[in-house]
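# Architecture at a glance
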Amino acid sequence: VIIKFYNSYGYAGLKIEGTLKAIGESNLPIVFTSFFDDQVNLPTAGNWGGLQFTKDATNLSKLDNIILRYAGSLDANLVGAGIRIDQVVISLSNSTVEKNLRSGILLINSSSIIDTVNFLENEREGVYVQGGSPEIKNSNIQNNYYGIFIDKANILLSNNSFIDNVFDIFDTDNPPPPPPSPVP
């Protein structure tokens, strides 16, 4: 299944205020992407809004074996995230979240479980965690500016790989030291 979103103002996407179960198969993932994602057109990050799980969504949503790419339109109130999860818990597994305008996924006060997910080539963060206590495990976080950006959250990380991010993990409570001053 391929679900394409067309928009010229960035509002196309899915706003979930109930339950979404998108369960693909390893050889047949469910693809959420831009209308322009084909052999002729050139899609870009932010071509469509993305998936937004609001605080009114249930804690029963599950995304398994999906590919989500070219999302994160700033006009869709998603702050550039391919997937925005606001104060609910979802399960995201065996998936790829790539080439989104800002964040692959934005977790706001969420304790979601992310297992075996590739976060690739998102323009800023692979994962942005704002509060909450999510668990991220067995995932590949590669070619993002920030692999994981943590803002006042209690995050559980295990068995993840970080490759070619400018910062693998950036925690606002424990930022890295500034670079040394140049030698005169």
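It should be noted that the structure appears before, not after, this text.
To start, this report covers the structure provided alongside it. (Residues numbered from 1 in each chain as written. Predicted model: local features only at pLDDT ≥ 70, side-chain atom pairs only at ≥ 80, totals over all residues. Heavy atoms only, no water.)

This part is about the overall build of the protein chain. Broken down by element type, the protein chain carries zero helices and 18 strands. The C-alpha atoms of the protein chain give 16 Å as radius of gyration, which agrees with the globular expectation for 184 residues (16 Å, within 12%). Projected onto its principal axes, the C-alpha coordinates of the protein chain cover approximately 55 × 35 × 30 Å. Within the protein chain, buried positions represent 49% of all 184 residues. Put simply, of all contacts in the protein chain between residues at least 6 apart along the chain, 46% involve residues at least 24 apart. Measuring between centres, the 12 positive side-chain charges of the protein chain sit 5 Å from its 19 negative side-chain charges. (Helix = DSSP H or I, 4+ residues; strand = E, 2+ residues; numbered from the N terminus. Rg over C-alpha atoms; globule rule 2.2 N^0.38 Å. Buried < 20%, exposed > 50% of the residue type's maximum accessible area, 1.4 Å probe, protein only. Contact = heavy atoms within 4.5 Å. Lys, Arg positive; Asp, Glu negative; His and termini not counted. Charge placed at Lys NZ, Arg CZ, Asp CG, Glu CD.)

A word on the pairing of strand E4 (residues 30-34). Within a regular strand, side chains alternate between the sheet's two faces. Counting buried residues along E4, five of its five residues qualify, which places the element largely inside the surrounding structure. Pairing of strand E1 (residues 2-5) with E4 involves four bridges; the strand directions are parallel. Bridge pairing links Lys 4 to Thr 33 in E4. Sheet topology places E4 next to strand E7 (residues 66-69); three bridges connect them, and they run parallel. The partner of Ile 30 across the bridge, within E7, is Ile 66. (Pairing = 2+ DSSP bridges.)

The next subject is the nonpolar core. Core analysis: the biggest nonpolar cluster contains 34 residues, and Phe 53, Leu 63, Ile 83 and Leu 92 have the highest contact counts within it. Per element, the largest residue contribution to this core is three residues, and it comes from strand E11 (residues 113-120). Among the nonpolar cores identified, the runner-up in size contains seven residues, and Leu 106, Ile 108, Tyr 128 and Phe 170 belong to it. (Core = buried A, V, L, I, M, F, W, Y, C linked by side-chain atoms within 4.5 Å.)

Bringing the environment of Ser 73 into the picture now. Structurally, the position occupied by Ser 73 is in the loop between E7 and strand E8 (81-86). With 77 residues separating them along the chain, Ser 73 and Ile 150 place their C-alpha atoms 22 Å apart.

For Asp 171, the location among the structural elements is in strand E18 (residues 167-171). One buried charged residue, Asp 171, remains without a salt bridge, the closest side chain of opposite sign being Lys 152 at 7.1 Å. In terms of polar contacts, Asp 171 uses its side chain to reach the backbone amide nitrogen of Asp 173, at 2.9 Å. (Salt bridge = Lys/Arg side-chain N within 4 Å of Asp/Glu carboxyl O. Polar contact = N/O pair within 3.5 Å; in protein donor to acceptor, adjacent residues only side chain to side chain.)

So, about unusual backbone geometry. One non-glycine residue with positive phi stands out, namely Tyr 70, at about 65°. With respect to the helices and strands, Tyr 70 occurs in the loop between E7 and E8. Here Tyr 70 falls in the buried class, since its relative accessible area comes to 13%.

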